[in-house]
Amino acid sequence: MAVPTETVYGLAADASSPEAVRRVFAAKGRPVDHPLIVHVASVDDLGRWVDEVPADVAVLAAAFWPGPLTLVLRRSRAVADEVTGGRDTVAVRVPAHPLLLAVLAELGPGAGLAAPSANRFGGVSPTTAAHVVADLDGRIDAVLDGGPCQVGVESTILDLGVSPPEVLRPGAVSAVALGSALGRSVGSWAGDGPARAPGMLASHYSPAARVVMVETIDGLADAVRAVGSSSPGGRVGLLGGLALSNTTVDALESALGSAGGTVLELEPAGDAEGFARVLYDRLRQADRLGLAVLVVVPPPAVGLGIAVRDRLARAATP
Ligand code: TXA
Ligand code: MG
(Lines give C-alpha, C1' and ligand atoms only; values in the text may rest on other atoms or scores of the structure.)
(Ligands and ions follow the chains in the order given, each with its own letter.)
Protein backbone atom coordinates (compact mmCIF):
# COMPACT_ATOMS: atom_id res chain seq x y z
CA MET A 1 0.00 0.00 0.00
CA ALA A 2 1.24 3.50 -0.81
CA VAL A 3 1.21 5.97 2.09
CA PRO A 4 1.69 9.72 2.42
CA THR A 5 4.63 11.19 4.30
CA GLU A 6 5.62 14.84 4.70
CA THR A 7 8.45 14.35 2.17
CA VAL A 8 7.16 12.13 -0.66
CA TYR A 9 4.71 9.22 -0.89
CA GLY A 10 6.15 5.84 0.12
CA LEU A 11 5.30 2.24 -0.80
CA ALA A 12 5.03 0.49 2.55
CA ALA A 13 5.64 -3.08 3.74
CA ASP A 14 6.12 -4.69 7.15
CA ALA A 15 9.89 -4.35 7.66
CA SER A 16 10.06 -7.79 9.32
CA SER A 17 8.41 -9.61 6.40
CA PRO A 18 10.78 -10.70 3.59
CA GLU A 19 7.78 -11.58 1.39
CA ALA A 20 6.10 -8.18 1.79
CA VAL A 21 9.37 -6.33 1.18
CA ARG A 22 10.08 -8.38 -1.95
CA ARG A 23 6.71 -7.30 -3.36
CA VAL A 24 7.70 -3.65 -2.89
CA PHE A 25 10.89 -4.16 -4.89
CA ALA A 26 8.90 -5.96 -7.60
CA ALA A 27 6.24 -3.21 -7.87
CA LYS A 28 8.94 -0.52 -8.24
CA GLY A 29 11.27 -2.51 -10.45
CA ARG A 30 14.01 -1.56 -7.97
CA PRO A 31 17.34 -3.44 -7.81
CA VAL A 32 17.36 -5.60 -4.66
CA ASP A 33 20.66 -4.21 -3.35
CA HIS A 34 19.21 -0.71 -2.85
CA PRO A 35 18.21 -0.63 0.85
CA LEU A 36 14.95 0.83 2.19
CA ILE A 37 14.10 3.22 5.05
CA VAL A 38 12.14 1.81 8.02
CA HIS A 39 9.43 4.17 9.34
CA VAL A 40 8.45 3.95 13.01
CA ALA A 41 5.93 5.86 15.17
CA SER A 42 8.41 7.21 17.70
CA VAL A 43 11.99 7.02 18.90
CA ASP A 44 10.77 4.51 21.53
CA ASP A 45 10.04 2.02 18.75
CA LEU A 46 13.65 1.95 17.49
CA GLY A 47 14.72 -0.81 19.91
CA ARG A 48 13.17 -3.55 17.82
CA TRP A 49 14.97 -2.53 14.63
CA VAL A 50 18.26 -1.09 15.83
CA ASP A 51 20.96 -2.93 17.76
CA GLU A 52 22.56 -0.01 19.47
CA VAL A 53 20.99 3.42 19.93
CA PRO A 54 23.83 5.98 20.29
CA ALA A 55 23.31 8.95 22.65
CA ASP A 56 23.14 11.33 19.67
CA VAL A 57 19.86 9.72 18.60
CA ALA A 58 17.90 11.10 21.58
CA VAL A 59 19.18 14.60 20.84
CA LEU A 60 18.31 14.40 17.15
CA ALA A 61 14.93 12.79 17.83
CA ALA A 62 14.01 15.56 20.25
CA ALA A 63 15.01 18.22 17.74
CA PHE A 64 13.78 16.75 14.43
CA TRP A 65 11.32 13.85 14.88
CA PRO A 66 8.70 13.42 13.68
CA GLY A 67 10.25 14.92 10.57
CA PRO A 68 12.35 14.60 7.41
CA LEU A 69 15.49 13.12 8.98
CA THR A 70 16.68 9.52 8.42
CA LEU A 71 19.40 8.00 10.60
CA VAL A 72 21.67 5.13 9.52
CA LEU A 73 22.28 2.88 12.56
CA ARG A 74 23.39 -0.68 13.31
CA ARG A 75 20.55 -3.06 12.46
CA SER A 76 18.90 -5.68 14.63
CA ARG A 77 17.97 -9.23 13.59
CA ALA A 78 14.27 -8.24 13.32
CA VAL A 79 14.91 -6.31 10.10
CA ALA A 80 14.34 -8.44 7.00
CA ASP A 81 17.63 -8.81 5.06
CA GLU A 82 15.71 -7.61 2.00
CA VAL A 83 15.30 -4.18 3.68
CA THR A 84 19.01 -3.58 4.21
CA GLY A 85 20.31 -5.17 1.03
CA GLY A 86 22.40 -7.44 3.27
CA ARG A 87 24.13 -4.53 5.05
CA ASP A 88 24.72 -4.46 8.80
CA THR A 89 23.07 -1.04 9.07
CA VAL A 90 19.46 0.08 8.77
CA ALA A 91 18.04 3.50 7.88
CA VAL A 92 15.20 4.66 10.19
CA ARG A 93 12.96 7.68 10.59
CA VAL A 94 9.79 8.92 12.30
CA PRO A 95 7.64 10.52 9.58
CA ALA A 96 5.56 13.64 10.25
CA HIS A 97 2.29 12.76 8.56
CA PRO A 98 -0.82 12.19 10.69
CA LEU A 99 -2.21 9.49 8.37
CA LEU A 100 0.97 7.41 8.34
CA LEU A 101 1.39 7.86 12.10
CA ALA A 102 -2.21 6.62 12.49
CA VAL A 103 -1.38 3.52 10.40
CA LEU A 104 1.69 2.84 12.55
CA ALA A 105 -0.36 3.29 15.73
CA GLU A 106 -2.97 0.85 14.37
CA LEU A 107 -0.22 -1.72 13.69
CA GLY A 108 0.78 -1.51 17.36
CA PRO A 109 3.91 -0.90 19.45
CA GLY A 110 7.22 -1.53 17.68
CA ALA A 111 5.66 -1.54 14.19
CA GLY A 112 8.06 -0.68 11.37
CA LEU A 113 7.15 0.01 7.75
CA ALA A 114 9.89 -0.24 5.15
CA ALA A 115 9.01 2.26 2.44
CA PRO A 116 10.90 3.56 -0.57
CA SER A 117 9.42 6.40 -2.60
CA ALA A 118 6.30 5.13 -4.41
CA ASN A 119 7.52 5.59 -8.00
CA ARG A 120 8.96 3.32 -10.70
CA PHE A 121 12.72 2.87 -10.28
CA GLY A 122 14.77 5.82 -11.57
CA GLY A 123 11.72 8.03 -12.08
CA VAL A 124 10.47 11.13 -10.31
CA SER A 125 9.27 10.70 -6.70
CA PRO A 126 5.51 11.19 -6.10
CA THR A 127 4.22 14.08 -4.00
CA THR A 128 0.49 13.48 -4.54
CA ALA A 129 -1.70 10.36 -4.56
CA ALA A 130 -2.38 11.05 -8.27
CA HIS A 131 1.38 10.82 -8.98
CA VAL A 132 1.44 7.39 -7.31
CA VAL A 133 -1.51 6.19 -9.39
CA ALA A 134 0.13 7.49 -12.58
CA ASP A 135 3.26 5.42 -11.80
CA LEU A 136 1.99 2.29 -10.09
CA ASP A 137 -1.67 1.74 -11.05
CA GLY A 138 -2.19 -1.98 -11.55
CA ARG A 139 1.01 -2.83 -9.65
CA ILE A 140 -0.18 -1.97 -6.11
CA ASP A 141 -3.42 -2.50 -4.18
CA ALA A 142 -4.11 0.95 -2.74
CA VAL A 143 -2.96 4.51 -2.06
CA LEU A 144 -3.85 6.34 1.13
CA ASP A 145 -4.51 9.90 -0.05
CA GLY A 146 -3.04 12.31 2.48
CA GLY A 147 -2.99 15.34 0.18
CA PRO A 148 0.09 16.98 -1.36
CA CYS A 149 3.36 16.43 0.55
CA GLN A 150 4.37 19.46 2.60
CA VAL A 151 8.16 19.18 2.11
CA GLY A 152 8.30 17.73 -1.39
CA VAL A 153 11.82 16.22 -1.45
CA GLU A 154 13.09 13.11 0.33
CA SER A 155 14.42 13.14 3.89
CA THR A 156 17.95 14.09 4.88
CA ILE A 157 19.98 10.89 5.46
CA LEU A 158 22.58 11.11 8.26
CA ASP A 159 25.21 8.41 8.81
CA LEU A 160 25.97 8.25 12.54
CA GLY A 161 28.44 5.39 12.06
CA VAL A 162 31.29 7.72 11.09
CA SER A 163 32.96 10.55 12.99
CA PRO A 164 32.09 13.31 12.36
CA PRO A 165 28.61 12.18 11.25
CA GLU A 166 27.95 12.71 7.55
CA VAL A 167 24.93 13.71 5.51
CA LEU A 168 24.57 11.11 2.72
CA ARG A 169 21.55 12.77 1.07
CA PRO A 170 20.60 16.44 1.60
CA GLY A 171 17.00 17.21 2.59
CA ALA A 172 14.95 19.65 4.64
CA VAL A 173 17.09 19.18 7.77
CA SER A 174 20.39 20.85 6.85
CA ALA A 175 23.90 19.77 7.92
CA VAL A 176 24.14 23.14 9.69
CA ALA A 177 20.95 22.48 11.71
CA LEU A 178 22.18 18.96 12.58
CA GLY A 179 25.55 20.33 13.69
CA SER A 180 24.02 22.91 15.95
CA ALA A 181 21.67 20.35 17.55
CA LEU A 182 24.59 17.96 18.15
CA GLY A 183 27.03 20.65 19.21
CA ARG A 184 29.70 19.35 16.83
CA SER A 185 30.50 19.48 13.17
CA VAL A 186 28.53 17.41 10.66
CA GLY A 187 30.05 16.65 7.27
CA SER A 188 28.50 16.01 3.90
CA TRP A 189 29.49 12.96 1.90
CA ALA A 190 31.09 14.12 -1.34
CA GLY A 191 29.56 11.22 -3.28
CA ASP A 192 32.97 9.68 -4.03
CA GLY A 193 34.34 6.20 -3.36
CA PRO A 194 32.14 3.14 -2.78
CA ALA A 195 28.39 3.80 -2.54
CA ARG A 196 27.54 4.83 1.01
CA ALA A 197 23.84 5.07 0.23
CA PRO A 198 23.31 2.47 -2.49
CA GLY A 199 20.59 3.63 -4.81
CA MET A 200 21.66 7.27 -4.80
CA LEU A 201 22.55 7.34 -8.45
CA ALA A 202 24.07 10.15 -10.48
CA SER A 203 21.09 9.85 -12.81
CA HIS A 204 17.79 9.75 -10.93
CA TYR A 205 14.47 11.60 -10.68
CA SER A 206 14.61 11.77 -14.46
CA PRO A 207 11.68 12.94 -16.54
CA ALA A 208 11.69 12.15 -20.26
CA ALA A 209 12.31 15.85 -20.96
CA ARG A 210 15.95 16.93 -20.86
CA VAL A 211 16.61 19.08 -17.79
CA VAL A 212 19.07 21.97 -18.13
CA MET A 213 20.12 24.07 -15.13
CA VAL A 214 21.18 27.69 -15.58
CA GLU A 215 22.34 29.84 -12.70
CA THR A 216 21.03 33.26 -13.70
CA ILE A 217 18.19 34.79 -15.64
CA ASP A 218 20.88 36.25 -17.91
CA GLY A 219 22.08 32.75 -18.71
CA LEU A 220 18.57 31.76 -19.84
CA ALA A 221 18.70 33.20 -23.33
CA ASP A 222 21.96 31.39 -24.10
CA ALA A 223 20.59 28.14 -22.73
CA VAL A 224 17.36 28.46 -24.67
CA ARG A 225 19.25 29.25 -27.87
CA ALA A 226 21.45 26.17 -27.41
CA VAL A 227 18.39 24.08 -26.72
CA GLY A 228 16.61 25.47 -29.79
CA SER A 229 19.38 24.33 -32.07
CA SER A 230 19.58 20.87 -30.50
CA SER A 231 15.80 20.26 -30.40
CA PRO A 232 14.39 22.12 -33.42
CA GLY A 233 10.67 22.75 -33.21
CA GLY A 234 10.55 21.41 -29.66
CA ARG A 235 8.65 22.88 -26.74
CA VAL A 236 10.88 24.37 -24.09
CA GLY A 237 9.66 24.86 -20.52
CA LEU A 238 11.05 27.39 -18.06
CA LEU A 239 10.99 26.95 -14.31
CA GLY A 240 12.44 29.39 -11.82
CA GLY A 241 11.87 31.02 -8.48
CA LEU A 242 10.59 34.22 -10.06
CA ALA A 243 8.00 35.04 -12.66
CA LEU A 244 9.61 36.14 -15.91
CA SER A 245 8.44 39.35 -17.51
CA ASN A 246 6.71 39.22 -20.90
CA THR A 247 9.75 40.94 -22.35
CA THR A 248 12.00 38.16 -21.07
CA VAL A 249 9.71 35.49 -22.47
CA ASP A 250 9.62 37.36 -25.82
CA ALA A 251 13.41 37.51 -25.79
CA LEU A 252 13.53 33.79 -25.15
CA GLU A 253 11.06 33.08 -27.95
CA SER A 254 13.27 34.99 -30.32
CA ALA A 255 16.35 33.19 -28.96
CA LEU A 256 14.68 29.95 -30.05
CA GLY A 257 14.41 31.76 -33.35
CA SER A 258 14.47 29.88 -36.61
CA ALA A 259 14.34 26.55 -34.76
CA GLY A 260 10.58 27.21 -34.56
CA GLY A 261 10.12 26.03 -31.02
CA THR A 262 7.81 27.39 -28.35
CA VAL A 263 8.58 28.57 -24.84
CA LEU A 264 6.21 27.66 -22.01
CA GLU A 265 6.61 29.25 -18.62
CA LEU A 266 5.64 26.80 -15.87
CA GLU A 267 4.08 28.33 -12.77
CA PRO A 268 7.04 29.81 -10.82
CA ALA A 269 8.35 27.80 -7.89
CA GLY A 270 9.00 30.44 -5.21
CA ASP A 271 11.70 30.36 -2.50
CA ALA A 272 13.66 27.18 -1.68
CA GLU A 273 10.78 25.75 0.40
CA GLY A 274 8.22 26.53 -2.29
CA PHE A 275 10.59 25.15 -4.94
CA ALA A 276 11.00 21.86 -3.06
CA ARG A 277 7.23 21.52 -2.63
CA VAL A 278 6.48 21.75 -6.38
CA LEU A 279 9.73 20.41 -7.87
CA TYR A 280 8.59 16.86 -8.63
CA ASP A 281 5.18 17.97 -9.88
CA ARG A 282 6.87 20.36 -12.35
CA LEU A 283 9.24 17.61 -13.56
CA ARG A 284 6.18 15.43 -14.16
CA GLN A 285 4.34 18.34 -15.80
CA ALA A 286 7.23 18.68 -18.27
CA ASP A 287 6.38 15.20 -19.50
CA ARG A 288 2.61 15.73 -19.44
CA LEU A 289 3.18 18.76 -21.70
CA GLY A 290 5.53 16.78 -23.93
CA LEU A 291 8.39 19.24 -23.43
CA ALA A 292 11.67 18.44 -25.17
CA VAL A 293 13.60 20.44 -22.60
CA LEU A 294 12.97 22.01 -19.21
CA VAL A 295 15.31 24.92 -18.41
CA VAL A 296 15.53 25.54 -14.66
CA VAL A 297 16.97 28.42 -12.65
CA PRO A 298 17.55 26.69 -9.26
CA PRO A 299 17.38 28.34 -5.83
CA PRO A 300 20.67 29.34 -4.09
CA ALA A 301 22.65 26.55 -2.40
CA VAL A 302 21.58 27.19 1.19
CA GLY A 303 19.17 25.22 3.39
CA LEU A 304 16.61 23.31 1.36
CA GLY A 305 18.12 24.88 -1.78
CA ILE A 306 20.98 22.35 -1.43
CA ALA A 307 18.53 19.44 -1.68
CA VAL A 308 16.62 20.98 -4.61
CA ARG A 309 19.89 21.48 -6.51
CA ASP A 310 21.02 17.93 -5.69
CA ARG A 311 17.80 16.45 -7.15
CA LEU A 312 17.92 18.75 -10.21
CA ALA A 313 21.52 17.74 -10.90
CA ARG A 314 20.46 14.09 -10.89
CA ALA A 315 17.40 14.85 -13.04
CA ALA A 316 19.73 16.65 -15.48
CA THR A 317 22.13 13.70 -15.75
CA PRO A 318 21.24 11.59 -18.79
O1 TXA B 1 11.73 10.95 2.63
C2 TXA B 1 12.10 9.80 2.44
O3 TXA B 1 13.15 9.36 2.88
C4 TXA B 1 11.17 8.89 1.60
C5 TXA B 1 9.88 8.69 2.39
C6 TXA B 1 8.97 7.67 1.75
O7 TXA B 1 10.19 8.36 3.71
N8 TXA B 1 11.79 7.65 1.28
C9 TXA B 1 12.79 7.51 0.36
O10 TXA B 1 13.15 6.22 0.12
O11 TXA B 1 13.31 8.44 -0.19
P12 TXA B 1 14.07 5.76 -1.09
O13 TXA B 1 14.03 4.27 -1.05
O14 TXA B 1 13.64 6.38 -2.35
O15 TXA B 1 15.49 6.21 -0.67
C16 TXA B 1 16.14 5.57 0.39
C17 TXA B 1 17.57 5.95 0.45
C18 TXA B 1 18.40 5.28 -0.63
O19 TXA B 1 19.23 6.23 -1.26
C20 TXA B 1 19.22 4.27 0.16
O21 TXA B 1 20.47 4.06 -0.41
C22 TXA B 1 19.33 4.92 1.53
O23 TXA B 1 18.08 5.51 1.72
N24 TXA B 1 19.55 3.89 2.55
C25 TXA B 1 18.68 3.00 3.02
N26 TXA B 1 19.24 2.17 3.91
C27 TXA B 1 20.53 2.57 4.04
C28 TXA B 1 21.65 2.11 4.79
N29 TXA B 1 21.56 1.07 5.60
N30 TXA B 1 22.83 2.77 4.64
C31 TXA B 1 22.92 3.83 3.80
N32 TXA B 1 21.91 4.29 3.04
C33 TXA B 1 20.72 3.67 3.15
MG1 MG C 1 13.39 6.95 -4.31
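Analysis parameters
- Residues numbered from 1 in each chain as written.
- Chains lettered and ligands numbered in written order.
- Predicted model: local features only at pLDDT ≥ 70, side-chain atom pairs only at ≥ 80, totals over all residues.
- Heavy atoms only, no water.
- Phe/Tyr/Trp six-rings, centres within 6.5 Å; stacked < 30°, edge-to-face > 60°.
- Helix = DSSP H or I, 4+ residues; strand = E, 2+ residues; numbered from the N terminus.
- Buried < 20%, exposed > 50% of the residue type's maximum accessible area, 1.4 Å probe, protein only.
- Near = heavy atom within 4 Å.
- Polar contact = N/O pair within 3.5 Å; in protein donor to acceptor, adjacent residues only side chain to side chain.
- Areas by Shrake-Rupley, 256 points an atom, 1.4 Å probe, with all protein chains shown as cover.
- Nonpolar A, V, L, I, M, F, W, Y, C, P; charged D, E, K, R; others polar.
- Pairing = 2+ DSSP bridges.
- Core = buried A, V, L, I, M, F, W, Y, C linked by side-chain atoms within 4.5 Å.
- Salt bridge = Lys/Arg side-chain N within 4 Å of Asp/Glu carboxyl O.

Visitor: Honestly, the packing of aromatic side chains in this entry has me stumped. Any pointers?
Guide: Two descriptors summarise a pair of aromatic rings, namely the distance from one centre to the other and the angle between the planes of the rings. The full count for this structure, using the stated rule, is 1 aromatic pair. Between Tyr205 and Tyr280, the aromatic rings sit 5.7 Å apart at their centres with planes inclined by 15 degrees, giving stacked as the arrangement. With Tyr205 in the loop between β10 (187-188) and β11 (210-213) and Tyr280 in helix α9 (residues 272-288), the pair connects residues that are 75 residues apart, well separated along the chain. Side by side, Tyr205 and Tyr280 carry an identical accessibility label, which is buried.

Visitor: Please clarify how the site of ligand 1 should be interpreted in this entry.
Guide: Around ligand 1 sit 25 residues, and of these Thr7, His39, Ser155, Arg169 and Pro198 come closest. In this structure, an oxygen atom belonging to ligand 1 sits 2.6 Å away from a side-chain N or O atom of His39. In the environment of ligand 1, a nitrogen atom lies 3.0 Å from a nitrogen or oxygen atom belonging to the side chain of Thr89. Against a free-state accessible area of 680 Å², the protein chains account for coverage of 97% of ligand 1. Every element with two or more residues in the shell around ligand 1 is listed here: β4 (37-39) and β6 (89-93). It is β6 that provides the largest number of residues to the shell around ligand 1, a total of 4 residues. In the shell around ligand 1, the residues fall into 13 nonpolar, 7 polar and 5 charged.

Visitor: In this structure, what is going on with unusual backbone geometry? I would like to understand it.
Guide: Comment: phi is negative for the bulk of residues other than glycine, and the bulk of peptide bonds are trans. With an omega of -5 degrees, the peptide bond between Trp65 and Pro66 qualifies as cis. The peptide bond linking Ser163 to Pro164 adopts the cis configuration, its omega dihedral lying at -5 degrees. With respect to the element layout, Pro164 can be found in the loop between β8 (156-159) and β9 (166-169). The backbone phi angle of Tyr205 is positive, close to 55 degrees, even though this residue is not glycine. By relative accessible area, which is 4% here, Tyr205 ends up buried.

Visitor: Please explain the sheet that holds strand β3 (residues 13-14) as it appears in this structure.
Guide: Backbone hydrogen bonds hold the strands of a sheet together, and the pairing may be parallel or antiparallel. Taking strand neighbours across the sheet as the criterion, the 8 strands line up as β3-β7-β4-β6-β5-β8-β9-β10 in an open arrangement whose pairing is mixed. Each of the sheet's edge strands pairs with one partner strand only, and the pair in question is β3 and β10. Sheet analysis places strand β5 (residues 69-74) next to β8, joined by 4 bridges and oriented parallel. When the sheet's bridge partners are listed, Leu71 is paired in β8 with Leu158.

Visitor: Looking at this structure, I do not really get the nonpolar core. What am I missing?
Guide: Nonpolar side chains in soluble globular proteins tend to be buried together. Counting residues in each nonpolar core, the largest one holds 43 residues, and the members touching the most others are Leu60, Leu69, Leu71, Val83, Val92, Leu158 and Leu178. The next biggest cluster of nonpolar side chains, apart from the first, holds 25 residues, and it includes Val8, Val153, Ala286 and Ala315.

Visitor: For this particular structure, what's the right way to read the pattern of salt bridges?
Guide: Between side chains of opposite charge, a pair can form when the charged atoms approach closely. Scanning the entire structure with this criterion turns up 17 salt bridges. The salt bridge involving Arg22 is made with Glu19; its shortest N-O contact spans 3.6 Å. Here Arg22 and its partner Glu19 are both found in helix α1 (residues 18-28), 3 residues apart, which amounts to about one turn of the helix. Residue classification places Arg22 among the partly exposed positions, given a relative accessible area of 45%. Here Glu267 and Arg282 are joined by a salt bridge, their closest N and O atoms 4.0 Å apart. Here Glu267, found in the loop between β13 (262-265) and α9, pairs with Arg282, found in helix α9; they are 15 residues apart in sequence, far enough to count as distant. For Arg282, a relative accessible area of 6% puts it in the buried group. Through salt bridges with shared partners, one network takes in Glu154, Asp310, Arg311 and Arg314.

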